[in-house]
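Here is what each chain is made of, one letter per residue.
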Amino acid sequence: MAGPNVGAKPPSGTAASGVADTGFVCLAAAFAALGGLLFGYDTGVISGAVIFIKRDFSLATFPQELVVSVVLAGAATGALTGGRLADRFGRRRTLLATSVIFIAGAIICAVAPSLTMLVVGRAVVGVGIGLACTTVPVYISEVSPATARGWQVSLFQLAITIGILAAYLVDYAYAESAAWRWMLGLAAVPGAILGLGMLFMPESPRWLAEHGDMNAAHAVLGRIRGTPDVGTEMEEIRRSVEHARERGRWSDLLAPAIRPALIIGIGLAIFQQITGINTVIYYAPTIIQSAGISSAAGAILATAGIGLVNVIMTIVSMWLIDRVGRRPLLLTGIAGMVLCLGVLGLAFRLISANATLAWMAVVTLMAYVAFFAISLGPIFWLLIAEIYPLKIRGLAEGTAAGANWIFNLIVSITFLSLVELLGASWTFWLYGALAVASWFFSYYLVPETKGRTLEEIERFWHSQRSSVVPDTAAD
Ligand code: BGC
């Protein structure tokens, strides 16, 4: 597919083309991805829990909104500081701290005697989510070989979707007993597994090299590649470390060579949210009921179906991402989202005239989630972990993740008011128009990074120093 393309095809025999993908890397990636599971679980679980929390603490509307959205504010804070921490203290130590924060947050929520403590617990959990989403993708991208980086970083998105589905199911299972403390407290279990796992996983070799420990970097790289023959890859890392002699500062984010990557990361962060995904993830039962399926069982079933489609299509995307590349998936997926949002708007317009259209709306909702799951879902988190130079990787990734959480918050708290103001049809058409904009943004700016090492991607930006839009090259 025509469009910006990072460098030439890697010659065979280089680190880019053929390093071994060991089970050890998969294990490291899987443990780190547990951060995504907690991300999905903790953002998804509240939709069911809040009904009982409201009753137990006799909450009015605002305190309810606070319990739900303080997580998003905590996540934005965690994301904006997490990158700095991961650059300074290392990816592994930041993930260990993240696990402790998740466990603490889950326990505070589970035992909270008052609304204030509950809000504190949710804020702590939010900080954990923010730290996880800045550190996990970067850690995985730095330990994975170039040829498998796409699907391995996408494990993070897969874990998010499994977390959301698990949250829907746990909410359903505990609904009868109204056990919201269990719903929130259960998150301590994956939190503990994340911490235990990371105790045995190595630091990222790229971070070690950047901090001057070439011997340790070499040893870790040999261990995770399953061969002592890692000279070519080490040499590439050494060269990119030379570029990054000083620690990255906030002002470096605006350097001419980095600006285009920064625009892409923040742009995709915003587009991932303003095309409406979390209106579906957080409000699916409400949307489904307003489409005319009034039975609670029907709404729950349809919601679980949406969660399942999200998981399955993320797996499909992981299978395709290193084969067909990032750009074709991104552009096809966003085009599908545009189509679905258009149809959804139409369905809501005609529903009053024809009740069978309710199910058409639900099916379209599922198709919309499916298109998101092969495109903006995983590819946003993947690109922000791979397009930034080592020197400022954590910082820049954290900035993009922070923007993502801020816009998540904006969309989630304005959705119901928008529906009141514009009606469901125009609200979905508005997200559809923003999806059209995100297609053009991706078409003109997002480079293809399939199969390239992180160091090749870094050199690409330096070679593009003078132009914001990368040169167009045939893929
Ligand atoms: C987004 C989340 C969203 C999830 C849905 C993630 O990539 O960042 O905001 O809830 O996908 O699967």
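Thresholds applied
Residues numbered from 1 in each chain as written. Predicted model: local features only at pLDDT ≥ 70, side-chain atom pairs only at ≥ 80, totals over all residues. Heavy atoms only, no water. Helix = DSSP H or I, 4+ residues; strand = E, 2+ residues; numbered from the N terminus. Expected span 1.5 Å × (residues − 1). Buried < 20%, exposed > 50% of the residue type's maximum accessible area, 1.4 Å probe, protein only. Contact = heavy atoms within 4.5 Å. Domains from an automatic or database assignment. Buried area = accessible area lost by both parts, 1.4 Å probe. Salt bridge = Lys/Arg side-chain N within 4 Å of Asp/Glu carboxyl O. Polar contact = N/O pair within 3.5 Å; in protein donor to acceptor, adjacent residues only side chain to side chain. Core = buried A, V, L, I, M, F, W, Y, C linked by side-chain atoms within 4.5 Å. Near = heavy atom within 4 Å. Nonpolar A, V, L, I, M, F, W, Y, C, P; charged D, E, K, R; others polar.

Examining helix α13 (residues 259–274)
When the terminal C-alpha atoms of α13 are compared, their 22 Å separation across 16 residues agrees well with the 22 Å that a helix rising 1.5 Å per residue should span. When α13 is considered as a whole, its buried residues turn out to be Pro260, Ala261, Leu262, Ile264, Gly265, Gly267, Leu268, Ala269, Phe271, Gln272, Gln273 and Ile274. Check the buried side of α13 and you find it contacts α14 (277–290), α17 (357–374), α18 (376–386), α19 (393–422), α20 (424–445) and α21 (454–463). A positive phi of about 95° marks Gly276, the residue just after α13.

Overview of the domain arrangement of the protein
Under the domain assignment, the protein is made up of domain 1 (1–201) and domain 2 (250–475). Taking only C-alpha atoms into account, the centre of domain 1 sits 18 Å from that of domain 2. Contact residues are listed per partner, giving 51 residues for domain 1 and 64 residues for domain 2. Summing the contributions of domain 1 and of domain 2, the shared interface buries around 4800 Å²; its carbon and sulfur component is 67%. Between domain 1 and domain 2 we count two salt bridges in total. Of the charged contacts, one joins Arg149 and Glu386 as a salt bridge, the two residues approaching to 2.7 Å between their closest N and O atoms. At the boundary of domain 1 and domain 2, one finds 10 residue pairs in polar contact (both at pLDDT 80 or more). Looking at the side of domain 1 that touches domain 2, the elements with two or more residues in it are β1 (3–4), α1 (15–18), α2 (23–44), α4 (61–89), α6 (115–143) and α7 (149–175).

With respect to the nonpolar core
The biggest cluster of nonpolar side chains holds 146 residues, and the ones touching the most others in it are Ile53, Leu184, Ile288, Phe348, Trp381 and Trp405. The element contributing the most residues to this core is α7, with 11 residues. Taken domain by domain, the makeup of this core includes at least three residues from each of domain 1 (1–201) and domain 2 (250–475). Once residues lying within four places of it in the same chain are set aside, the contact partners of Trp381 are Phe39, Cys133, Pro137, Val153, Phe156, Gln157, Ile160, Gln272, Glu397, Ala401, Asn404 and Trp405.

Examining the site of the ligand
Around the ligand lies a shell of 13 residues, among which Gln157, Gln272, Asn278, Asn310 and Trp381 are the nearest. Between an oxygen atom of the ligand and a side-chain N or O atom of Asn310, the distance comes to 3.0 Å. The separation between an oxygen atom of the ligand and a polar side-chain atom of Trp381 is 2.9 Å. Of all elements in the fold, only α7, α13, α18 and α19 reach the threshold of two or more residues within the shell around the ligand. Ranked by residues supplied to the shell around the ligand, first place goes to α7 with three residues. For the shell around the ligand, the class distribution of residues is four nonpolar, nine polar and no charged. Here the shell around the ligand spans two domains, since at least three of its residues come from each of domain 1 (1–201) and domain 2 (250–475).

Observations concerning unusual backbone geometry
The backbone of Ser58 shows a phi angle near 45°, a positive value even though the residue is not glycine. On the secondary structure map, Ser58 appears in the loop between α3 (46–56) and α4.

Describing the pattern of salt bridges
In the structure shown here, the tally under the stated rule is 11 salt bridges. Of the charged contacts, one joins Arg91 and Glu142 as a salt bridge, the two residues approaching to 2.8 Å between their closest N and O atoms. Highlighted residues: Arg91 in helix α5 (residues 91–111) and Glu142 in helix α6, separated in sequence by 51 residues. Taken individually, Arg91 and Glu142 each receive the classification buried, so the pair is uniform in this respect. Linked through salt bridges whose partners overlap, the residues forming this network are Asp87, Arg91, Glu142 and Arg393.

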